[in-house]
Amino acid sequence: MSLSMADGGAMAWRGVERVVPPALGLAALLLAWGVLTETGVIAAYLLPKPAAVLTEILTNNEPLWRHGKLTATEALLGFAIGNSVGVVVAVLMGWFPAFKRCVMPLALVTRGMPMVAITPILVLMLDRGLVPIVTVVSIAVYFPTLITMVRGLESADVEYHELLHSLSADRLQRLLIVELPAALPYLFTSLKIGASIAFIVAITGEWVGASAGLGYLIVISGEYFKLAMMWSAIIVASGLTLATLGCVMLAERLLGRWTARGEGMA
Amino acid sequence: MARLQDTPPRGGIDIRDLSMTYRRGREVTQALSACSLTIPEGGWASLIGASGCGKSTLLRILADIVQPSGGSAMLSGMTPAEARATRGFALVSQQSVLLPWRRMLENVELGLEVARADKAERRKRAEEAIELVGLRGFERAYPHELSGGMRQRAAIARALTLRPRFLLMDEPFGALDELTRASLNFELLRILEETSATLLLVTHSIAEAIILSDVVAVMSPRPGRIVHQLEIGFGHHRTDAMRDDPAFAAYEAELRHALHGDPGVTRQPIRQPAFA
């Protein structure tokens, strides 16, 4: 009884340790922001007051919802498509080495292309709006997943392959029993990278190639000096990115409990 | 020695003039040369020899992991590839090779899962094998939650679920401490008596080879050849007491001499450091 209470206390303390320092950091940042703007050190036309941004979010949130929903749709659709294609192509590369030799150099070359630069081309080809943005997000998300999945699928020790060989497993069984589970930690690493890439690319894509979305809202608000709206849009964009990242991390914890304990393949 | 090879048993293991040459660039390594060994059906044989003498290579040829350069290896009249296709043998290696993301029970079921046995059968046979190796109660543990000895028991249980006619073991207890190793030796004996499988064990422990074999084959350093075979006359119902038998010490001495060369040659006295 006393032991479990002590455990509970220790756990509560660990919770406090995890929550309090970042909360203090955030509070300090908000305080600095408040002091600098309220005292006029930074002019209101350069940086709005925190209260003004908060009021904007609370009272004038209809545009934030509308544009935020669109950006989230574009980013998440692109995230899903890009990652799925990346995983499928990586599996095909593992299955057909000749295919890998043909495609991998191309994939590496294309990886060097700046995504902002290809958005205008996609807009020309696909018209303005949702489709080119989803496309450019997919392309941006696809590469890291492809590269890490190719490595992940090859990450299982040769002993596991010899074991399945001695059990007369077929190629599909090798993929499902050894290669894919071994690649799972790799996949989650690239999903976490991809979650932020998806929103960054969606928003920059909207600057160039869309008439709606948070990226568009940020540019338009800036042009009309609606700084409170501009900052609100930035906050919403960060919130969406963090929420997506949180979902990925939750899925990782649920699916990969053996990796969460720091156990590798051995 | 010749006596054992006169009657090639159809049901056992028959290795004839096996040779193995590895080529890496211009470097050529002769791992096995004219290696012959016969194990009758249900027999227990061990291969001992210095590390790098090719004893693991021999086992890997039987398990159809590598192809020999010459000669033949047959399991119950089948080539290693045929034996593998019919899941006639099970391989246990020094590393337990349990999938870290699977619980122990799911790891033990792996062989039957790959063989597409139905779920109820899979579970039943896995539970029997787990009972046999004494791991009841740990079914839901992940490999990293088990000790080295328990992981090796699980690997043996996984091998047993397929009811193999041949157990090919490559230093199965090599990574374990001496006490765990000795107790697992006798547990394996008990399991062997229940399963009637033919055993080929690769080990570098002379004692382990004697405890677990009817025949101990000694391999020469590379290129590996079988230079000596010793029959162990303890029968098939062995107990811990066998280690106190004077015959045990005599077998040990004979194998030690066979491993280290001609027993007639006196060893150089150990030189003391001059500055001591």
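Everything numeric in this text was worked out from a predicted model, so none of it was measured.

S.K.: Hey, could you go over the overall build of chain A for me, with residue numbers and the actual values?
M.R.: Of regular secondary structure, chain A possesses 11 helices and zero strands. In chain A, the succession of α and β elements from N to C terminus is α-α-α-α-α-α-α-α-α-α-α. The C-alpha radius of gyration computed for chain A amounts to 23 Å, which surpasses the reference 18 Å derived for 266 residues by more than 25%, pointing to a less compact arrangement than a globule. The C-alpha extent of chain A, read off along each of the three principal axes, is 75 × 70 × 30 Å.

S.K.: Summarise the overall build of chain B; cite the residues concerned and give the values.
M.R.: Scanning chain B for helices and strands turns up 10 helices and nine strands. Since a compact globule built from 276 residues should have a radius of gyration of about 19 Å, the 20 Å found for chain B is in line with a globular shape. Based on the C-alpha atoms only, the size of chain B along its principal axes is roughly 65 × 45 × 40 Å. A separation threshold of at least 6 residues defines the contact pool for chain B, and within that pool the share at least 24 residues apart is 70%.

S.K.: Could you give an account of the UniProt feature "domain: ABC transmembrane type-1" (unreviewed entry) in chain A, naming the residues involved and the relevant values?
M.R.: Within this structure's numbering, the places UniProt gives as "domain: ABC transmembrane type-1" (unreviewed entry) are residues 68-246 of chain A. Note that residues 68-246 of chain A is 88% helix and 0% strand, and that its end C-alpha atoms are spaced 18 Å apart.

S.K.: Before we move on, can you summarise the sheet that holds strand β2 (residues 27-39) of chain B with the specific residues and values?
M.R.: All names here are of chain B. The sheet built from three strands is open, its strands ordered β2-β1-β4 with antiparallel pairing. Edge strands, defined here as strands with exactly one partner in the open sheet, are β2 and β4 (70-75). Averaged over all pairs of adjacent strands, the angle between strand axes in this sheet comes to 25°, irrespective of strand direction. The pairing of strand β1 (residues 13-24) with β4 spans five bridges and is classified as antiparallel. Within β4, the position partnered with Ile15 by the bridge is Ala73.

S.K.: Tell me what's going on with the interface of chain A and chain B, and back it up with residues and numbers.
M.R.: Taken together, the contacts link 16 residues of chain A with 16 residues of chain B. Where the side of chain A that touches chain B is concerned, the elements lending two or more residues are α7 (158-166) and α8 (171-209) of chain A. With seven residues, α7(A) is the single largest residue contributor to the side of chain A that touches chain B. Classifying every residue of the side of chain A that touches chain B gives eight nonpolar, four polar and four charged.

S.K.: Describe the packing of α8(A) against helix α9 (residues 214-223) of chain A, and please don't skip the residues or the numbers.
M.R.: All names here are of chain A. For the pair α8 and α9, interaxial distance at closest approach is 7 Å and the crossing angle is 55°. When the axis of α8 is compared with that of α9, the two are oblique. Crossing of α8 over α9 shows right-handed handedness. The residues of α9 that touch α8, namely those facing Ala202, Ile203, Thr204, Gly205, Glu206 and Trp207, are Leu214, Gly215, Tyr216 and Val219.

S.K.: I'd like a rundown of the sheet that holds strand β3 (residues 44-48) of chain B, residues and numbers included.
M.R.: All names here are of chain B. Read across the sheet, six strands follow the order β5-β6-β7-β3-β8-β9 without closing on themselves; strand pairing throughout is mixed. Single-partner strands in this sheet number two, and they are β5 (89-92) and β9 (226-231). Averaged over neighbouring strand pairs, the angle between their axes works out to 15° when direction is ignored. In the sheet, strand β8 (residues 215-219) pairs with β9 via five bridges, with the strands oriented antiparallel. Opposite Val218, over in β9, you have His228 as the bridge partner. Helix α10 (residues 246-259) rests against β3, β8 and β9 of the sheet, and its axis sits at about 175° to β9.

S.K.: Got a sec to walk through the nonpolar core? Specific residues and values, please.
M.R.: Residues A:Val137, A:Ala198, B:Leu168 and B:Val216 are the most contacted members of the largest nonpolar core, which totals 137 residues. If you tally residues by element for this core, the top one is α8(A), at 16 residues. Leaving out residues up to four positions away in the same chain, A:Val137 has contacts with A:Glu74, A:Ala75, A:Gly78, A:Phe79, A:Gly82, A:Ala198, A:Val201, A:Ala202 and A:Gly205.

S.K.: I'd like a description of the UniProt feature "transmembrane region" (unreviewed entry) in chain A, backed by residues and values.
M.R.: All names here are of chain A. Those residues carrying the UniProt feature "transmembrane region" (unreviewed entry) are residues 23-47, 75-96, 108-126, 133-152, 196-218 and 230-251 in this numbering. For residues 75-96, helix accounts for 95% and strand for 0%, while the C-alpha atoms at its two ends are 31 Å apart. Secondary structure over residues 108-126 splits into 84% helix and 0% strand, and the C-alpha atoms at its two ends are 25 Å apart.

S.K.: A description of the domain arrangement of chain B should follow, citing residues and the corresponding values.
M.R.: All names here are of chain B. Annotation of chain B at the domain level lists domain 1 (1-88 + 164-276) and domain 2 (99-163). Put simply, the middle of domain 1 and the middle of domain 2, counted by C-alpha atoms, are 26 Å apart. Between domain 1 and domain 2, the residue contacts involve 13 residues of the former and 11 residues of the latter. Broken down by element, the side of domain 1 that touches domain 2 gets its largest block of residues, six residues, from helix α8 (residues 178-195).

S.K.: Run through the domain arrangement of chain A, naming residues and quoting values.
M.R.: Examined at the domain level, chain A breaks down into domain 1 (1-44) and domain 2 (48-265). Domain 1 of chain A and domain 2 of chain A are separated by 30 Å when their C-alpha centres are compared.

S.K.: For α7(A), give the residues involved together with the corresponding values.
M.R.: Residues and elements named next belong to chain A. Listed in full, the buried residues belonging to α7 are Tyr160, Leu163, Leu164 and Ser166. Summarising the axial view, the buried residues of α7 lie within an arc of 160°, below the 170-degree limit, and thus occupy one face. In the stretch just after α7, Ser168 is the one whose phi turns positive, near 60°.

S.K.: Outline the confidence of the model for chain B, supporting the account with residue identities and numerical values.
M.R.: Residues and elements named next belong to chain B. When pLDDT is averaged along chain B, the result is 85, and 91% of the positions lie at 70 or above. Across residues 1-9, where pLDDT falls below 50, the model places 11 contacts with residues more than four positions away in sequence or in other chains. The low-confidence segment residues 263-276, where pLDDT is below 50, has one contact with residues more than four positions distant or belonging to other chains. Both confidence scores are given for the complex: pTM 0.81, ipTM 0.83.

Calculation criteria
Residues numbered from 1 in each chain as written. Chains lettered and ligands numbered in written order. Predicted model: local features only at pLDDT ≥ 70, side-chain atom pairs only at ≥ 80, totals over all residues. Helix = DSSP H or I, 4+ residues; strand = E, 2+ residues; numbered from the N terminus. Rg over C-alpha atoms; globule rule 2.2 N^0.38 Å. Contact = placed C-beta atoms within 7 Å. UniProt positions renumbered as here; feature names shortened; annotations may be inferred. Pairing = 2+ DSSP bridges. Axes fitted to C-alpha atoms, helices over the stretch in contact; angles between N-to-C directions. Nonpolar A, V, L, I, M, F, W, Y, C, P; charged D, E, K, R; others polar. Parallel < 35°, antiparallel > 145°, perpendicular 65-115°, else oblique. Left-handed = near helix turned anticlockwise from the far one by under 90°. Core = buried A, V, L, I, M, F, W, Y, C linked by C-beta atoms within 7 Å. Buried ≥ 20, exposed ≤ 12 C-beta atoms within 10 Å, placed from the backbone. Domains from an automatic or database assignment. Arc of directions from axis to C-beta. pLDDT = per-residue confidence, 0-100.

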